[in-house]
Amino acid sequence: MAEEFVLDIKNLAVHYETEDADVHAVNGIDIVIGKKRTLGLVGETGAGKTTTALSILNLVPNPPGVIKSGEIYLEGKDVLKMTPTELEKMRGNDVAMIFQDPMTALNPVMTVGDQIGESIAIHQNLSKKDAFEKAKEMLKMVGIAESRAYDYPHQFSGGMKQRVVIAIALACSPQLLIADEPTTALDVTIQAQVLELMKQLIREKEMSMLLITHDLGVVAEVCEDVAVMYAGRIVEKGTADDVFNHMRHPYTEGLFDSLPNLKERGEELVPIKGLMPDPSDLPPGCAFAPRCPYATEACSQAVPELTAVDGSKTHFVACSAYRNPEFSLRGNKDGR
Amino acid sequence: MAQPKEIKNQYKKRTLFQETWRRLVKNRGAMLGLGFLVLLILAAALSPVLFNYEVDVIGQNMQERLMAPCGAHWFGTDEYGRDLFARVIYGARYSLIIGVGSVLLGLVVGTILGSQAGFHGGVTDSIIMRGIDIFYSIPNIMTAVVIVSLLGPSTVNLMIALAFSCASSFARIVRASVMTIRDQEYVESSYAMGLPTWKIIVKHILPNCLSPIIVQITLLIGTTIISASSLSFLGIGVPAPAPEWGALLSAGRGHIRDASYMCIIPGLAIMFTVLALNLLGDGLRDALDPKLKK
């Protein structure tokens, strides 16, 4: 079974140890991404999404970041046990990352073509000139005229810069693409274009993708699988259909309730009350319990395990309320 | 599909160099400084052709000693009857070579130290920077005097001595810039692309620190020329009879009442050169600062 997965994260825990506090950013998560699958990792700011992504590349800044436990298998090899040389070979070639803000993700003093060519030259042992030619092809692939390879990043608009960033990431045809909020810094029309482009390229190149976002609309558009993260733990995961149409976790419900309803525009938004707990001082038991409308005393006693939703092979939820077979979220009274 | 070609023509492409030059040309002071420096460099380069070193520069002629500036000797003559014009022009070679040489030497050493300190931080940073702080706390001239007296007076040793203080200035500037650039997202993204660390420093971090370095180079050349002259003035710089400007000043000191031109002219030479370098440095700083773009 294990070989079918491009990425297999087991029980990953990452802490940031500073002088004042020990911040528990990621607390034992398991994620698998199959070949040619796209997983959306959803959660609010500070839930540990980016830390998870950086762990996959073994790029968690150390100090203060410490990977406490876990194994991250990339096509069967544990990233956390790789030597520096192996890591350099893996980064960019097997896994590539798209960063959040295209404005700062490009080096202002290098031409765009050189920047795309750089990773090609390293991973495919090409001369600078051949790499530049390939860089031009990549630019064309993301819909930018080849002649612009000689331009500097400041001569591009935000959407075009993100296309360039995508071209850099895809230059070596990696198996796995990590996109860390790739559209957050872009306006909505450009967002749609960039997402469409990414979807199309991933299909063409038969890659897998880990899409990190807090935008449920983006997930719905692009992802096949969804994992919802809260305070460093995964609270619910499943296929997009499982999570969007048959949500089980109160937090997931809260996320959807806080979206505007297009059909009934007059309706008030229902925010989730309270704030995310301080990750350096997590409550015992379920981290969502203090904000959860369904919480009982039992919730703050033990951390709920991810368990399969009855009969489903894909849909998992971590909520102790389901020990009571009668329990269902108010939003879907039919019990699904 | 003729469209891409037209698009290409819409853009006026300028490299960073062209962009900086365009803005530098608009700065009158900087152009004045640059003009003076170009003249000086030309004069220094051509001086072996214009003058015969043995005859015109160091050859003594007692009949013509201490002549005030006149048609035959534009800058007058010194106490051994040597033509001051030839000596000042020839002296530009020493000042420029020492200035540029020690700054470049200091640049290489300082950049290596500063980038290591700034990039790695922590213990590396503490060790390198505290060492440099110690050097900084001793007056430049003192350090230079000690080094020259250890190595013996010669042009090369003078350069090495002055390079020490240049290196510490460069190390500080490079460290500060590297520390800000190190945390930029494009550096993180080059890690994610699998670039080795040294390549990230050389190709992504240092080129982005270039503008403060360029400015510092021009300003430091000026300071170094003054330091070199001071050392020669004190008699531990370029050995006599070489016409270093500081040495010329020193020689004129005894005649400051009867032949003041012997001090004034080399003094002016030093002053104008340093002024030109500072004007150019200020102009470059403005031209390289993207926030001042008009």
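For the structure given in this document, a descriptive report is provided here.

A few points about the overall build of chain B
Link 1 in the chain: From N to C terminus, chain B includes 13 helices and 0 strands.
Link 2 in the chain: When the elements of chain B are put in sequence order from the N terminus, they spell out α-α-α-α-α-α-α-α-α-α-α-α-α.
Link 3 in the chain: If one aligns the C-alpha atoms of chain B with their principal axes, the spans along those axes are about 80 × 55 × 30 Å.
Link 4 in the chain: Across the 294 residues of chain B, 46% fall into the buried class.
Link 5 in the chain: Taking all contacts inside chain B whose residues are at least 6 apart in sequence as the whole, residues at least 24 apart take part in 70%.
Link 6 in the chain: When the accessible surface of chain B is totalled, it reaches about 15,100 Å², and 66% of it is carbon and sulfur.
Link 7 in the chain: Separation of charge centres in chain B, based on 25 positive and 18 negative side chains, amounts to 9 Å.

Some points on the packing of helix H5 (residues 84-120) of chain B against helix H8 (residues 155-182) of chain B
Residues and elements named next belong to chain B.
Link 1 in the chain: In contact at an axis separation of 4 Å, H5 and H8 are set at 35° when each is read in the N-to-C sense. When the axes of H5 and H8 are compared, the crossing they make is right-handed.
Link 2 in the chain: Of the residues assigned to the contact of H5 with H8, the class counts are 22 nonpolar, 10 polar and 2 charged.

A few points about the nonpolar core
Link 1 in the chain: With 140 residues, the main nonpolar core has Ile116, Val164, Ile166, Leu176 and Ile178 of chain A as its most contacted residues.
Link 2 in the chain: With near-sequence residues (within four places) excluded, Ile116 of chain A lies in contact with Ala135, Met138, Leu139, Val164, Ala167, Ile168 and Ala171 of chain A.
Link 3 in the chain: Grouped together as the second largest cluster of nonpolar side chains are 19 residues, Tyr90, Ala144, Ile147 and Leu231 of chain B included.

A look at the sheet that holds strand E6 (residues 95-98) of chain A
Residues and elements named next belong to chain A.
Link 1 in the chain: Taking strand neighbours across the sheet as the criterion, the 8 strands line up as E6-E7-E8-E3-E9-E10-E12-E11 in an open arrangement whose pairing is mixed. Among the strands making up the open sheet, the edge pair consists of E6 and strand E11 (307-308).
Link 2 in the chain: Of the pairings in the sheet, the one linking strand E3 (residues 38-42) to strand E8 (residues 208-213) comprises 5 bridges and is parallel in character. Within E8, the position partnered with Val42 by the bridge is Thr213.

Structural notes on the pattern of salt bridges
Pairing between side chains of opposite charge can happen when their charged atoms approach one another.
Link 1 in the chain: In this structure the tally under the stated criterion is 19 salt bridges over all chains.
Link 2 in the chain: Glu133 of chain A is paired through a salt bridge with Lys136 of chain A; the nearest N and O atoms lie 3.8 Å apart. Of this pair, Glu133 of chain A and Lys136 of chain A both sit in helix H4 (residues 128-141), 3 residues apart, which is roughly one turn of that helix.
Link 3 in the chain: The class for Lys136 of chain A is buried, based on a relative accessible area of 13%.
Link 4 in the chain: The partner of Asp282 of chain B in a salt bridge is Arg285 of chain B, and the shortest N-O contact between them spans 2.9 Å. Taken together, the residues span about one helical turn, with Asp282 of chain B and Arg285 of chain B both in helix H13 (residues 261-288) at a distance of 3 residues.
Link 5 in the chain: Looking at Asp282 of chain B, the relative accessible area reads 34%, which means it is partly exposed.

A word on the packing of aromatic side chains
Residues and elements named next belong to chain B.
Link 1 in the chain: Scanning the entire structure with this criterion turns up 9 aromatic pairs over all chains.
Link 2 in the chain: Aromatic side chains Phe36 and Phe272 sit 6.1 Å apart centroid to centroid with 50° between the ring planes, which places their arrangement in the tilted category. Highlighted residues: Phe36 in helix H3 (residues 28-50) and Phe272 in helix H13, separated in sequence by 236 residues.
Link 3 in the chain: Geometrically, the ring pair formed by Phe75 and Phe85 is edge-to-face, given 5.0 Å between the ring centres and 85° between the ring planes. A residue pair is termed long-range when its members are at least 10 positions apart, and Phe75 in the loop between helix H4 (53-57) and H5 and Phe85 in helix H5 qualify at 10 residues.
Link 4 in the chain: Looking at Arg93, its charged tip hangs above the ring of Tyr90, at a distance of 5.3 Å from the centre.
Link 5 in the chain: Here the basic side chain of Arg172 rests over the ring of Tyr136, its NZ or CZ set 3.9 Å away from the ring centre.

What about helix H1 (residues 49-56) of chain A?
All names here are of chain A.
Link 1 in the chain: Burial of H1 is extensive: 7 of the 8 residues sit out of reach of the surface.
Link 2 in the chain: Every buried residue of H1 is listed here: Lys49, Thr51, Thr52, Ala53, Leu54, Ser55 and Ile56.
Link 3 in the chain: At the exit of H1 stands Asn58, carrying a positive phi of roughly 55°.

Some thoughts on the interface of chain A and chain B
The parts lose accessible area when they come together, and the size of an interface is often stated as this lost area.
Link 1 in the chain: Facing the 27 residues of chain A at the interface are 19 residues of chain B.
Link 2 in the chain: Between chain A and chain B the total buried area reaches about 2,300 Å² when both faces are included, carbon and sulfur atoms providing 59% of it.
Link 3 in the chain: The tally of links between chain A and chain B comes to 1 salt bridge.
Link 4 in the chain: The partner of Glu118 of chain A in a salt bridge is Lys203 of chain B, with the nearest N and O atoms 3.7 Å apart.

A short note on the environment of Val164 of chain A
All names here are of chain A.
Link 1 in the chain: Within the fold, Val164 resides in helix H5 (residues 158-170).
Link 2 in the chain: In this structure the C-alpha to C-alpha distance between Val164 and Leu106, which are 58 residues apart in sequence, comes to 8.6 Å.
Link 3 in the chain: Sequence-distant contacts of Val164, that is, excluding residues within four places in its chain, are made with Leu106, Val112, Ile116, Leu139, Ile144 and Phe156.

Some details on helix H9 (residues 185-192) of chain B
Link 1 in the chain: Most of H9 of chain B is tucked away: 6 of the 8 residues are buried.
Link 2 in the chain: Those residues of H9 of chain B that sit buried are Glu185, Tyr186, Val187, Ser189, Ser190 and Ala192 of chain B.
Link 3 in the chain: Packing partners of the buried residues in H9 of chain B comprise E6 of chain A together with H8 and helix H10 (197-205) of chain B.
Link 4 in the chain: Of the residues flanking the end of H9 of chain B, it is Gly194 of chain B, one or two places downstream, whose phi is positive at about 90°.

Observations regarding the side chain of Ser208 of chain A
Residue and element names in this part refer to chain A.
Link 1 in the chain: Among the secondary structure elements, Ser208 is positioned in strand E8.
Link 2 in the chain: Looking at Ser208, the relative accessible area reads 1%, which means it is buried.
Link 3 in the chain: Reaching out from Ser208, the side chain makes a polar contact with the backbone nitrogen of Lys36 at a distance of 3.1 Å.
Link 4 in the chain: Excluding anything up to four places from it in sequence, Ser208 contacts Val6, Ile33, Gly34, Lys35, Lys36, Arg37, Gln175, Leu176 and Leu177.

Considerations on the environment of Val148 of chain B
All names here are of chain B.
Link 1 in the chain: Summarising the element assignment, Val148 is placed in helix H7 (residues 140-151).
Link 2 in the chain: The class for Val148 is buried, based on a relative accessible area of 2%.
Link 3 in the chain: Non-local contacts of Val148, meaning those with residues more than four positions away in its chain, are made with Pro153, Asn157, Leu158, Ala161 and Ile236.

Details of the sheet that holds strand E2 (residues 22-34) of chain A
Residue and element names in this part refer to chain A.
Link 1 in the chain: An order of E2-E1-E4-E5 is seen for the 4 strands of this open sheet, with the pairing classed as antiparallel. Among the strands making up the open sheet, the edge pair consists of E2 and strand E5 (77-78).
Link 2 in the chain: Examined bridge by bridge, strand E4 (residues 65-74) and E5 share 2 bridges and lie antiparallel to one another. Its bridge partner lying in E5, Tyr73 is registered against Asp78.
Link 3 in the chain: In this fold H1 packs onto strand E1 (5-17), E2 and E4, with an angle of close to 115° to the strand it touches most, E1.

Topic: the pairing of E6 of chain A
The side chains of a regular strand alternate, residue by residue, between the two faces of the sheet.
Residue and element names in this part refer to chain A.
Link 1 in the chain: A two-sided burial pattern is seen for E6, the buried positions comprising Val95 and Met97 on one face and Ala96 and Ile98 on the other.
Link 2 in the chain: Of the strand pairs in this sheet, E6 and strand E7 (residues 176-180) are connected by 4 bridges, and their pairing is parallel. Bridge pairing in E7 links Ala96 to Leu177.

How each quantity is defined
Residues numbered from 1 in each chain as written. Chains lettered and ligands numbered in written order. Predicted model: local features only at pLDDT ≥ 70, side-chain atom pairs only at ≥ 80, totals over all residues. Heavy atoms only, no water. Helix = DSSP H or I, 4+ residues; strand = E, 2+ residues; numbered from the N terminus. Buried < 20%, exposed > 50% of the residue type's maximum accessible area, 1.4 Å probe, protein only. Contact = heavy atoms within 4.5 Å. Areas by Shrake-Rupley, 256 points an atom, 1.4 Å probe, with all protein chains shown as cover. Lys, Arg positive; Asp, Glu negative; His and termini not counted. Charge placed at Lys NZ, Arg CZ, Asp CG, Glu CD. Axes fitted to C-alpha atoms, helices over the stretch in contact; angles between N-to-C directions. Left-handed = near helix turned anticlockwise from the far one by under 90°. Nonpolar A, V, L, I, M, F, W, Y, C, P; charged D, E, K, R; others polar. Core = buried A, V, L, I, M, F, W, Y, C linked by side-chain atoms within 4.5 Å. Pairing = 2+ DSSP bridges. Salt bridge = Lys/Arg side-chain N within 4 Å of Asp/Glu carboxyl O. Phe/Tyr/Trp six-rings, centres within 6.5 Å; stacked < 30°, edge-to-face > 60°. Lys NZ or Arg CZ within 6 Å of the ring centre and 35° of its normal. Buried area = accessible area lost by both parts, 1.4 Å probe. Polar contact = N/O pair within 3.5 Å; in protein donor to acceptor, adjacent residues only side chain to side chain.

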